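Listed here are the chains, written in short residue letters.
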Amino acid sequence: MLHSWRQPENPCHCQPYNPFQLFFLLLLKDNNMITLCIRHETSFSSAFNLSGLPTRIRLTANMYAAQLEICTQQPNSASTIHAHMITSGFKPRGHILNRLIDMYTKSNKLLFARQLFDQIPNPDIVVRTTLITAHSNAGDLGVARTVFDTTPINMRDVVSYNAMISGCARNADGYSALSLFLDMKRISLRPDDFTFTSVLSGLAMLINHEKHCQQFHCEVMKSGVVSVVSVSNALISVYMKCSSWSFPDPAHQLFGEMPEKDELTWTTVITGYVKRGDLNAAKELFDGMVKKIDVAWNAMISGYVHHGFISEAFETFRKMFSVGITLDEFTYTSILSACANAGLLKHGKQVHAFLLRTDPVSEPEWSLPVKNALITLYSKCAKLDAAMRVFDEMPMRDLVSWNAFLSAYISAGRINDARQLFKKMTERNLLSWTVMISGLAQNGCGEEALKLLNQMNEESVRPCDYAFAGAFTACASLGALENGRQLHSQLIQFGYESSLSASNALMTMYARCGTVEDAHCVFLTMPTVDSVSWNAMIAALGQHGHGVQALELFELMLSEGILPDRITFLTVLSACSHAGLVSEGCRYFELMHSIYGIAPGVDHYARLIDLLGRAGKILEAKNVIDKMPFEPDPPTWEALLAGCRIHGNMEVGIFAAERLFELTPQHDGTYVLLSNMYAAVGRWNDVARVRQLMKDRGVKKEPGCSWIEVANKVHVFLVGDTVHHEVQEVYKFLEILGVKMKKMGYVPDTKYALHDVESEQKEYNLSTHSEKLAVAFGLLKLPMGAAIRVLKNLRICGDCHTAIMFMSKAVDREIVVRDGKRFHHFRDGECSCGNYW
């Protein structure tokens, strides 16, 4: 039926309309346009510049023009119309081609639009501007700029320049936006208000000094568009982002001079003051608002939270609710962040309850970020079960949800759960990888963290500086110096060498791997340093036995106006302890509170006890414990027990051990220290009693182990090792080296053989200590002249310390040993600790 329908009034059409044509003619009829298309084609001909075409082609063109006119509100229909043109043999030209390109760009089919554009011999400025805008909006600034640059200068107009400048500003290319603005002025095109609004958005990314803002302000004044609200708003935004401020504040002046202000004006200036940290100015303007704008309320709450004014944030939140301002995702996420940061679990639960009470059934569109904030709140407050319930009940999750819960597992130390969750994630972003790498490194899984970084590279995910910081932490725990050096090279290749977090981790890595000189080099070449950097370098010097240099660096830190924090004093006290600087350590302990107003914590007292105990001042250490303003914790008693172990004070040592048995009955270190004290004076019955006590309580001694990196592989040795595939070769080498050492005066100190056996057996037991095996393996495998770097999980014993001093002289090599407390650098028969450790 449809195929037989004809239009008798038009003698030019002798063929029946097909269903496609009839469909659009019916649409035209509904819009009173059939006559326009069929009888009065001249109106479309003039509109689409078709009058010069033959009548039949002109009528066909009229039909397609009408179809495109009707489908303006449905750009996706362009492909259907275009397909019919192709099958019918019609070749669009002129304005019909422009309209097709415009509709393709509006339906995000930029490839089709560009293909049509390339078919036009001489595209006009309208279609060029259409393509520039479309590609800019899609983030493809390169194509947009190519179209613009190939446009003849005499064809360009203000609209095309505005499209290109706006695209550059939108894509964070402020330099190009400014350059285009200057180019526009050079060819005498007069900028309009849209030009200034766009270029000012680009300038906000570049300008960091007020005088540059003032220069552009003058340009706006000369152009006569300063009264346009959008231009004034953009100018205020630029002023607000300047790093230098003057008085009176030009942004505030401009704000006061504006004859008309919209919501964006108020929001821009209040948000600007909040970001500057000038909450008083923001509050003054906020209180002066006649109309309470929800964005401004959210900006004030967010500002208070960011700067730690939690009570003010809650008060603003309560007022916002009482005056009837709609609470949205930004409101709830800010207030929940305040609860999470301040550890206000009760308040956070009240907000959660309010959310459930106000909308118990439906899920608001913005509930996803709020649920993510709830996961963070509960995880930070150590309520992982509650965080898990929120996560499990979420109808939909995004990457933020998965990352928040992954961080929750990491923060709680549940590394196995974190591994499983990471494997379940179908999509991962940079944060996912970084959180996992850092979590593994901080939870003693350094080797796995480094493997994950390699996997990250294999999957073409570019690591960030925080991922490198986690990898450096892993290298530090493993003592993988060469791996750390390779990562250092990659850090430079990726351009992160100026990153503060990565540099601090790198410095710590070098220090923990025994190369304090490299750590100091990193510290000296860092473009910026913070208190973490100073603390890390002071700690490194102290651990390596350079106590005097550590204190000199601390004094330099003070002279440069860097205020010490509680961590700084922990590192200073440790440096004094390792170097035996008792009077200096006691003085700094006093200055900590009297000069810098930092109340010593239990950890500071533990360092002071360690300082006194190592120096043999056992009674003074005991008196300090008696006068502490709080109950001593296990590290405090351990420090006292260690001092008693060094200096053989059995009475106080037993007293300290008894306190430790009460506090940490499952900690093996207490039993080992007490047993060693008894063994040192030959009280073997007491040694047996302590060991039986361990057995009865199910306490197992951590086995001593040492490891060394050779050819990018870490080799681990246990005491009396029989597992390592080359250990027999190591024993033979030690036997030969031992003969040479004895000729030089080495005598095994059998008091460190902690078993009641014959003297010969004691000497043999001493020769199988893990640090000796690791050092010998390094001497066998590393090239001549290379330093031997060994790491040990426990404190080095006295006999091993003496033996390695003789080894360093016998083989003329530097040997570095990191034990559980500090570093020992052995050179030419001497140790950096001066036999004080």
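Residues numbered from 1 in each chain as written. Predicted model: local features only at pLDDT ≥ 70, side-chain atom pairs only at ≥ 80, totals over all residues. Heavy atoms only, no water.

A few words now on the packing of helix α12 (residues 193-203) against helix α14 (residues 229-240). The interhelical angle for the contact between α12 and α14, taken along N-to-C directions, is 20°, at an axis separation of 9 Å. As the angle between them shows, α12 and α14 are arranged roughly parallel. Two packed elements cross with a definite hand, and for α12 against α14 that hand is left-handed. Contact residues: Asp193, Phe196, Thr197 and Leu200 in α12; Ser230, Val231, Ala234, Leu235 and Val238 in α14. Of the residues belonging to the contact of α12 with α14, the class tally is six nonpolar, two polar and one charged. (Axes fitted to C-alpha atoms, helices over the stretch in contact; angles between N-to-C directions. Helix = DSSP H or I, 4+ residues; strand = E, 2+ residues; numbered from the N terminus. Parallel < 35°, antiparallel > 145°, perpendicular 65-115°, else oblique. Left-handed = near helix turned anticlockwise from the far one by under 90°. Contact = heavy atoms within 4.5 Å. Nonpolar A, V, L, I, M, F, W, Y, C, P; charged D, E, K, R; others polar.)

With that settled, the discussion passes to helix α27 (residues 446-458). Along an α-helix, residues three or four apart share an orientation, since each turn contains 3.6 residues. Relative to the 18 Å expected for 13 residues at 1.5 Å per residue, α27 spans 19 Å between its end C-alpha atoms, a close match to the ideal helical length. For α27, the set of buried residues is Gly446, Ala449, Leu450, Leu452, Leu453 and Met456. Along α27, the residues classed as buried sweep out an arc of 155° about the axis, all on the same side. Of the exposed residues in α27, the ones pointing more than 90 degrees away from its buried face are Glu447, Lys451 and Glu458. The inward-facing, buried residues of α27 abut α25 (415-424), α26 (430-442), α28 (465-478) and α29 (481-493). Once α27 finishes, Ser460 follows within two positions and takes phi at roughly 60°, a positive value. (Expected span 1.5 Å × (residues − 1). Buried < 20%, exposed > 50% of the residue type's maximum accessible area, 1.4 Å probe, protein only. Arc of directions from axis to C-beta.)

We now examine the nonpolar core. In terms of nonpolar packing, the biggest core is built from 201 residues, with Ile270, Met436, Met509, Met537 and Leu640 touching the most fellow members. Excluding residues within four positions of it along the chain, Met509 makes contact with Phe472, Cys475, Ala476, Leu481, Gly484 and Arg485. Among the nonpolar cores identified, the runner-up in size contains 33 residues, and Val727, Tyr731, Val775 and Cys800 belong to it. (Core = buried A, V, L, I, M, F, W, Y, C linked by side-chain atoms within 4.5 Å.)

Below, the discussion takes up the environment of Lys292. As for its placement among the helices and strands, Lys292 is situated in the loop between α17 (279-288) and α18 (294-306). Among the residues examined, Lys292 registers a relative accessible area of 31% and is labelled partly exposed. Between the C-alpha atom of Lys292 and that of Ile325, which follows or precedes it by 33 residues, the distance is 7.6 Å. Not counting chain neighbours up to four residues away, the residues in contact with Lys292 comprise Phe286, Asp287, Trp297 and Ile325.

On to the sheet that holds strand β1 (residues 705-710). Taken together, six strands build an open sheet; the order of strands is β2-β1-β3-β4-β5-β6 and the sheet is mixed. Looking at which strands have only one partner, the edges of the open sheet turn out to be β2 (713-718) and β6 (830-831). The pairing of strand β5 (residues 823-827) with β6 spans two bridges and is antiparallel. Looking at the pairing, Arg827 lines up with Glu830 of β6. Packing of helix α45 (residues 798-811) onto the sheet brings it into contact with β4 (815-818), β5 and β6, and relative to β5 it is tilted by some 35°. (Pairing = 2+ DSSP bridges.)

These results come straight from atomic positions and should not be treated as a statement about function.
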